[in-house]
Amino acid sequence: MKRNKKIVLLAHCILNINAKVYGLATEPAGCKQIVSCLLEHGFGIIQLPCVEQSCFGIKRWGQVKEQLDFPAFRGKCRSLLQPILEQVLDFHKNGYDITAVIGLDGSPACGVYSTCTGNWGGEIGDGHDLPAQLASLATLPEAGVMMEVLQEMLEQAGIKVRFLAVDEQNPEMACQELIKNLVGNMASK
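Everything quoted here is computed from the prediction, not taken from an experiment.

Undergrad: Can you walk me through the sheet that holds strand S1 (residues 6-10) in this structure?
TA: Remark on secondary structure: sheet strands pair via backbone hydrogen bonds, oriented parallel or antiparallel. What the four strands build is an open sheet, ordered S2-S1-S3-S6; its pairing is parallel. Both outer strands of the open sheet, strand S2 (44-47) and strand S6 (162-166), are each paired with one neighbouring strand and no more. Sheet twist, expressed as the mean angle between neighbouring strand axes with direction ignored, is 30°. The pairing of S1 with S2 spans four bridges and is classified as parallel. Considered in S2, the bridge of Leu 10 is made with Gln 47. Across the sheet, helix H5 (residues 71-93) touches S1, S2 and strand S3 (97-104), and the angle it forms with S2 is around 155°.

Undergrad: Looking at this structure, how should I read the pattern of salt bridges?
TA: Two side chains bearing opposite charge may form a pair once their charged atoms approach each other closely. Taken as a whole and judged by the stated rule, the model has seven salt bridges. Of the charged contacts, one joins Glu 148 and Lys 65 as a salt bridge, the two residues approaching to 2.5 Å between their closest N and O atoms. With Glu 148 in helix H7 (residues 145-156) and Lys 65 in helix H4 (residues 65-68), this residue pair connects regions lying 83 residues apart in the sequence. Overall, the relative accessible area of 4% leaves Lys 65 in the buried class. Put simply, Lys 180 and Glu 177 hold a salt bridge, and the shortest N to O gap is 3.5 Å. With Lys 180 and Glu 177 both in helix H8 (residues 171-187) and three residues apart, this pair spans about one turn of that helix. Among the residues examined, Glu 177 registers a relative accessible area of 35% and is labelled partly exposed.

Undergrad: Quick question: what am I supposed to make of the side chain of Arg 74 here?
TA: Relative to the helices and strands, Arg 74 resides in helix H5. Residue class for Arg 74 comes out buried when judged on its relative accessible area of 14%. Beyond its immediate sequence surroundings of up to four residues, Arg 74 is in contact with Asp 69, Val 145, Glu 148, Val 149 and Glu 152.

Undergrad: Whenever I open this one, the nonpolar core confuses me. Can you help?
TA: When a protein is soluble and globular, its nonpolar side chains tend to lie buried together. Counting residues in hydrophobic clusters, the biggest one holds 50 residues, and the most contacted among them are Ile 14 and Met 147. The set of elements that each furnish at least two residues to this core consists of S1, helix H1 (12-15), helix H2 (32-40), H5, S3, H7, S6 and H8. Residue contributions to this core peak at seven residues, all from H7. With residues near it in sequence (within four places) discarded, Met 147 still touches Leu 48, Val 101, Ile 102, Gly 103, Ala 109, Cys 110, Gly 111, Val 112 and Phe 163.

Undergrad: Looking at this structure, how should I read the packing of H5 against H7?
TA: A pair of packed helices is captured by two measures, namely the crossing angle of their axes and the spacing between those axes. In contact at an axis separation of 9 Å, H5 and H7 are set at 45° when each is read in the N-to-C sense. Between H5 and H7, the crossing angle belongs to the class labelled oblique. Of the two elements, H5 crosses H7, and the hand of that crossing is right-handed. Along the contact surface, H5 presents Phe 73, Arg 74, Cys 77, Arg 78, Leu 81, Gln 82, Leu 85 and Val 88, while H7 presents Val 145, Met 146, Glu 148, Val 149, Leu 150, Glu 152, Met 153 and Leu 154. Classifying every residue of the contact of H5 with H7 gives eleven nonpolar, one polar and four charged.

Undergrad: Even after reading the chapter, I still don't get the packing of aromatic side chains, so can you show me in this structure?
TA: Aromatic ring pairs: the centre-centre distance and the angle between the two ring planes describe each pair. Applying the stated criterion across every chain yields a total of three aromatic pairs. Considering the side-chain rings of Phe 56 and Phe 73, the 6.1 Å spacing of their centres and the 5° angle between planes classify their relative orientation as stacked. Of this pair, Phe 56 sits in helix H3 (residues 51-56) while Phe 73 sits in helix H5; the two residues are 17 residues apart in sequence, bridging distant segments of the chain. The buried category is assigned to Phe 73, whose relative accessible area is 1%. Between Phe 70 and Phe 73, the aromatic rings sit 6.2 Å apart at their centres with planes inclined by 40°, giving tilted as the arrangement. In this structure Phe 70 comes out as partly exposed when scored by relative accessible area, which is 33%. Against the face of Tyr 96 rests Lys 5, its NZ or CZ located 5.1 Å from the ring centre. The positively charged end of Lys 6 is found above the aromatic ring belonging to Phe 43, 4.4 Å away from the centroid.

Definitions and cut-offs
- Each chain has its residues counted from 1, running along the sequence as written.
- Two thresholds apply to this predicted model, a pLDDT of at least 70 for residue-level local features and 80 or more for giving and counting side-chain atom pairs, whereas whole-chain, interface and lining totals are computed over all residues.
- Just so you know, side-chain values use all the structure's heavy atoms and leave hydrogens and water out.
- At least two bridges found by DSSP between two strands is the condition for calling them paired.
- Where helices and strands are cited, they refer to DSSP runs of H or I of at least four residues and of E of at least two residues respectively, numbered from the N terminus.
- Helix axes are fitted to C-alpha atoms over the stretch in contact, other axes to C-alpha atoms as well, and angles between N-to-C directions run from 0 to 180 degrees.
- The criterion used for residue contact is that any of the two residues' heavy atoms lie within 4.5 Å.
- What makes a salt bridge here is a side-chain nitrogen of Lys or Arg within 4 Å of a carboxyl oxygen of Asp or Glu, nothing more.
- Only protein chains enter the calculation, and the probe is 1.4 Å; a residue is then buried if its accessible area is under 20% of its type maximum, exposed if over 50%, and partly exposed in between.
- Joining through side-chain atoms within 4.5 Å is the link that ties buried Ala, Val, Leu, Ile, Met, Phe, Trp, Tyr and Cys residues into a set, and such a set is a nonpolar core.
- These descriptions rest on fixed angle ranges, namely under 35 degrees for roughly parallel, over 145 for roughly antiparallel, 65 to 115 for roughly perpendicular, and the rest for oblique.
- Note: crossing handedness is left-handed where the near helix turns anticlockwise from the far helix by less than a right angle, and right-handed where it turns clockwise.
- Three classes are used, and their members are as follows: Ala, Val, Leu, Ile, Met, Phe, Trp, Tyr, Cys and Pro are nonpolar, Asp, Glu, Lys and Arg are charged, and the others, Gly among them, are polar.
- By convention, a stacked pair of Phe, Tyr or Trp rings (six-membered ring in the case of Trp) has centres within 6.5 Å and planes under 30 degrees apart, an edge-to-face pair has planes over 60 apart, and any other such pair is tilted.
- For a ring to carry a charge above it, either NZ of a lysine or CZ of an arginine must fall within 6 Å of the ring centroid while also lying within 35 degrees of the normal to the ring plane.

Spelled out as structure tokens, the structure:
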């Protein structure tokens, strides 16, 4: 049997960049450097859902964490993540190493170490103080909403998993850092 039983959970848009908000794509289809790097180092990949696309569609505007941090969105995250959790539980029960969850910092849903914040909402245009709204946008040093929900679900299931983020703007460096973190994590188990 050639399986090495190492699995990562990967943010949806790293495999399918088409799910991103228009204007944010860094590659034509997916971040092949990161995906190839994971596969070359023997990691199986479970693709996480894109909850933002599921709720708001492909023509959505960019959002901040405060816009997603409400009960119905968190419920949608749980609903879409439940089949992923069931798959993870089966792998875990059968001796597989769920090595990491890999997200994208800055995302209001999939950020790991940082997410976007701001007084963002309402109408855009004349008379709606767009300059003040734009000036309020910032980075918050915490996880995005879906990553928070996933972490809660994994903890409730008794599965400890590292959460990491990749920088898709610099995929070569992201691969090096990611493998260093993943291999270092494997060595410490």
